[in-house]
Amino acid sequence: MTKEYTVTLIPGDGIGPEITAAVTDVIKASGVQINWEKQAAGAAVLEKEGTVLPRRVLDSIAKNGVALKGPITTPIGKGFRSVNVALRKELDLYACVRPAKSLPGIKSRYENVDLVIVRENTEDLYAGIERKIDENTAESIKRITRGASERIARYAFEYAVQNGRQKVTAVSKANICKFSDGLFLEAVRTVAQEYPQIAYEEVLVDNLCMQLVINPENYDVLVLPNLYGDIVSDLAAGLTGGLGVAPGANIGKKAAVFEAVHGSSPSLAGQHKANPTALLLSACLMLRHLGEIECAQKIENALEKVLQQGNVRTFDLGGSATTEEFAQAVIKQL
Ligand code: NAD
């Protein structure tokens, strides 16, 4: 008998509803049985429910253990706190995993990128410990703990072992943030000693950025504190074809939320132009997490065929196909 799954679906806002609809269509066509439990979150529910992240959303994810999420807008400098950050914190989704791999048929500056970003997801400047001292002065506190740093380091090394990876690189700015990044590095070093079979190296984040644009193929698994992880994720997406093709996962001990690296891209919203590839690849990570390896592989193969053939592409990859036309092309290959 075919297995059935119940998965929370957060369509999000901006381009979110368009790309989530396209992706759920592809998943349906692949044959895997998923009952989607749709949960709205973000600015759209604020007025009605008094919060951007209602309890029902968290309860649904906690119950199902797995969610697929579209992007959600976070206003800059004012308004509510990021739903994305709150979700990660509330469900303790401590590991943000973002593979950056060259895709066949996608022209970028490099052909052999195959690295994985493992970003700490619960602390650092993302904790939002900020205050305005006066009209002209504000400060943010960068909180790093040994516990969270060791936990993410262990995740990175375990990931390396389980996925046949050779090397873990710890990224920091410990020359300047001596206490906070210093503690992060100390914690990663301690964990590294438990994995003598995995090569270990350290690099400062500014140097890493330069190295990545010169020799991205030198990197394998990168482990970073939250903010550097955020920034380097976009850089890595740029190495492999852009945000339209960069997938991600937020993993905790009890739940996992799969979402693209990109945001809600308000300027594209409603135009049916956005590339659903990043969310589709995130959904494939989700299917692998559920144990549906064959199905994930089938979708990835179909996607690769469409990208390689090159006649159906969204605008970001030089084409003119709509989100839905692209999804239909993938479905046809299935
Ligand atoms: P963005 O990722 O939305 O867009 C950056 C650039 O990439 C834009 O040019 C955009 O058009 C392009 N792009 C992004 N996704 C694309 C896709 N699928 N296909 C084609 N092109 C794509 O980043 P932003 O503009 O800085 O952020 C917009 C909003 O999204 C902000 O409110 C931000 O806080 C939020 N955000 C949410 C998440 C999340 O929900 N996890 C992540 C990042 C940003």
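Parameters and conventions
- Residue numbering note: each chain is counted from 1, following its sequence as written.
- Restriction of local features to residues with pLDDT of at least 70 applies here, the model being predicted, together with a cutoff of 80 or more for giving and counting side-chain atom pairs; totals for whole chains, interfaces and linings are based on all residues.
- Values shown for side chains rest on all heavy atoms present in the structure; no hydrogens or waters enter the calculation.
- Two distance rules govern patches: like charges are joined within 9 Å, and nonpolar side chains (Val, Leu, Ile, Met, Phe, Trp, Tyr) within 5 Å, applied only to residues with over 30% relative accessible area and no salt bridge.
- Surface accessibility follows the Shrake-Rupley procedure with a 1.4 Å probe radius. Residue values consider only the protein chains on display as shielding.
- When a carboxyl oxygen of Asp or Glu lies within 4 Å of a side-chain nitrogen of Lys or Arg, that pair is called a salt bridge.
- Helix and strand assignments follow DSSP, with helices taken as H or I runs no shorter than four residues and strands as E runs no shorter than two, numbered in order from the N terminus.
- With axes taken as lines fitted to C-alpha atoms, and helix axes fitted only over the stretch in contact, angles between N-to-C directions fall between 0 and 180 degrees.
- Comment on the angle field: the value is read as roughly parallel under 35 degrees, roughly antiparallel over 145, roughly perpendicular from 65 to 115, and oblique elsewhere.
- What makes a crossing left-handed is the near helix being turned counterclockwise from the far one by less than a right angle; a clockwise turn instead makes it right-handed.
- Only heavy atoms enter the contact rule, under which two residues are in contact if any of them lie within 4.5 Å.
- For this classification, the nonpolar set comprises Ala, Val, Leu, Ile, Met, Phe, Trp, Tyr, Cys and Pro, the charged set comprises Asp, Glu, Lys and Arg, and every other residue, Gly included, is treated as polar.
- Counting rule for disulfides: a pair of cysteine sulfur atoms within 2.5 Å.
- A strand pair is defined by DSSP finding two or more bridges across the two strands.
- Here a residue is considered near a molecule or strand provided that any single heavy atom belonging to it is located within 4 Å of it.
- Residues adjacent in sequence count toward polar contacts only when both atoms are side-chain atoms; beyond that, a polar contact is any pair of N or O atoms within 3.5 Å, and within protein one must be able to donate a hydrogen and the other to accept it.
- The split into domains, and so the bounds of each, comes from an automatic or database assignment of domains.
- What counts as buried area is the accessible surface, traced by a 1.4 Å probe, that two parts surrender upon association, with contributions from both included.
- An expected span of 1.5 Å times one less than the residue number is assigned to each helix.
- We call a residue buried when its accessible area falls under 20% of the maximum for its residue type, exposed when it is over 50%, and partly exposed in between, using a 1.4 Å probe and counting protein chains only.

## Remarks on a nonpolar patch on the surface
Taken together, M210, V213 and I214 make up a surface patch of nonpolar side chains, about 260 Å² in accessible area. Along the polypeptide, M210 turns up in helix α7 (residues 205-214).

## Considering the pattern of salt bridges
Using the criterion set out here, one finds 20 salt bridges in the structure. Two residues, R151 and D92, come together in a salt bridge whose shortest N-O distance is 2.8 Å. Of this pair, R151 sits in helix α5 (residues 146-162) while D92 sits in the loop between α4 (83-90) and β4 (95-101), and the two are 59 residues apart along the sequence. Each of R55, D59 and E90 takes part in one network of salt bridges that share partners.

## Here we look at the packing of α5 against helix α6 (residues 180-192)
Where α5 meets α6, the closest approach of the two axes is 8 Å, and the angle between their N-to-C directions is 45°. In this view, α5 runs oblique relative to α6, as classed from their interaxial angle. Relative to α6, α5 is oriented so that their crossing is right-handed. Residues R146, S149, E150, I152, A153, R154 and F157 of α5 touch α6, and the partners they reach there are L183, F184, E186, A187, V188, T190, V191 and A192. Its residues assigned to classes, the contact of α5 with α6 shows nine nonpolar, two polar and four charged.

## As for the state of the cysteines
Inspection of every chain in the model, using the stated rule, returns zero disulfides. For C177, which is in no disulfide, the shortest distance to another cysteine sulfur is to C209 and amounts to 14 Å.

## So, the sheet that holds strand β9 (residues 199-204)
Pairing within the open sheet is mixed, and its 10 strands lie in the order β2-β1-β3-β12-β11-β4-β5-β10-β8-β9. Edge positions in the sheet fall to β2 (33-38) and β9, since each has one partner strand and no second. Neighbour to neighbour, the strand axes of the sheet diverge by 25° on average, direction disregarded. The pairing of strand β8 (residues 167-172) with strand β10 (residues 221-224) spans three bridges and is classified as parallel. Residue pairing across strands places A170 opposite V223, the latter belonging to β10. Against the sheet, α7 makes contact with β5 (114-120), β8, β9 and β10, and its axis sits at roughly 105° relative to β9, the strand it touches most.

## Topic: the site of the ligand
Of all residues adjacent to the ligand, which total 22 residues, the nearest are I72, T74, G263, S265 and N275. Here an oxygen atom of the ligand sits 2.7 Å away from a polar atom, N or O, in the main chain of G263. S265 places a polar side-chain atom, nitrogen or oxygen, 2.8 Å from an oxygen atom of the ligand. With the chains in place, 68% of the 820 Å² that the ligand exposes on its own is no longer accessible. Residue composition of the shell around the ligand, grouped by class: nine nonpolar, nine polar and four charged.

## Considerations on the environment of N112
Along the chain, the position of N112 falls in the loop between β4 and β5. Each C-alpha atom of the pair N112 and K101 lies 7.6 Å from the other, and the pair is 11 residues apart in sequence. In this structure N112 touches S102 and E217, once residues within four positions along its chain are discounted.

## What about the domain arrangement of the chain?
What the domain assignment lists for the chain is domain 1 (1-101 + 241-334) and domain 2 (109-239). Its C-alpha centre places domain 1 at a distance of 24 Å from the equivalent point of domain 2. For the pair domain 1 and domain 2, the summed buried surface comes to about 1,900 Å²; carbon and sulfur atoms form 53% of the total. A per-residue breakdown of the area domain 1 buries against domain 2 is headed by Y94, R98 and A100, which together make up 34% of the total. Counting across the domain 1 and domain 2 interface gives one salt bridge. At the boundary of domain 1 and domain 2, one finds 11 residue pairs in polar contact (both at pLDDT 80 or more). Of all elements in the fold, only α4, β4 and β11 (249-251) reach the threshold of two or more residues within the side of domain 1 that touches domain 2. Ranked by residue count, the leading element in the side of domain 1 that touches domain 2 is β4, at seven residues. Its residues placed into classes, the side of domain 1 that touches domain 2 shows 12 nonpolar, three polar and six charged.

## Here we look at the packing of helix α1 (residues 16-30) against helix α11 (residues 323-333)
Across the interface, α1 lies against α11 with an axial gap of 9 Å and an inter-helix angle of 15°. By the angle between their directions, the pair α1 and α11 is classed as roughly parallel. As α1 packs across α11, the resulting crossing turns out to be right-handed. On α11, the residues touching E18, I19, A22, D25, V26 and A29 of α1 are T323, A327, V330 and I331. Classifying every residue of the contact of α1 with α11 by side-chain character gives seven nonpolar, one polar and two charged.

## A word on α6
Relative to the 18 Å expected for 13 residues at 1.5 Å per residue, α6 spans 19 Å between its end C-alpha atoms, a close match to the ideal helical length. Taken across its 13 residues, α6 has 10 buried, putting it largely inside the fold. Where α6 is buried, its residues contact α5, β8, β9, β10 and α8 (226-239).

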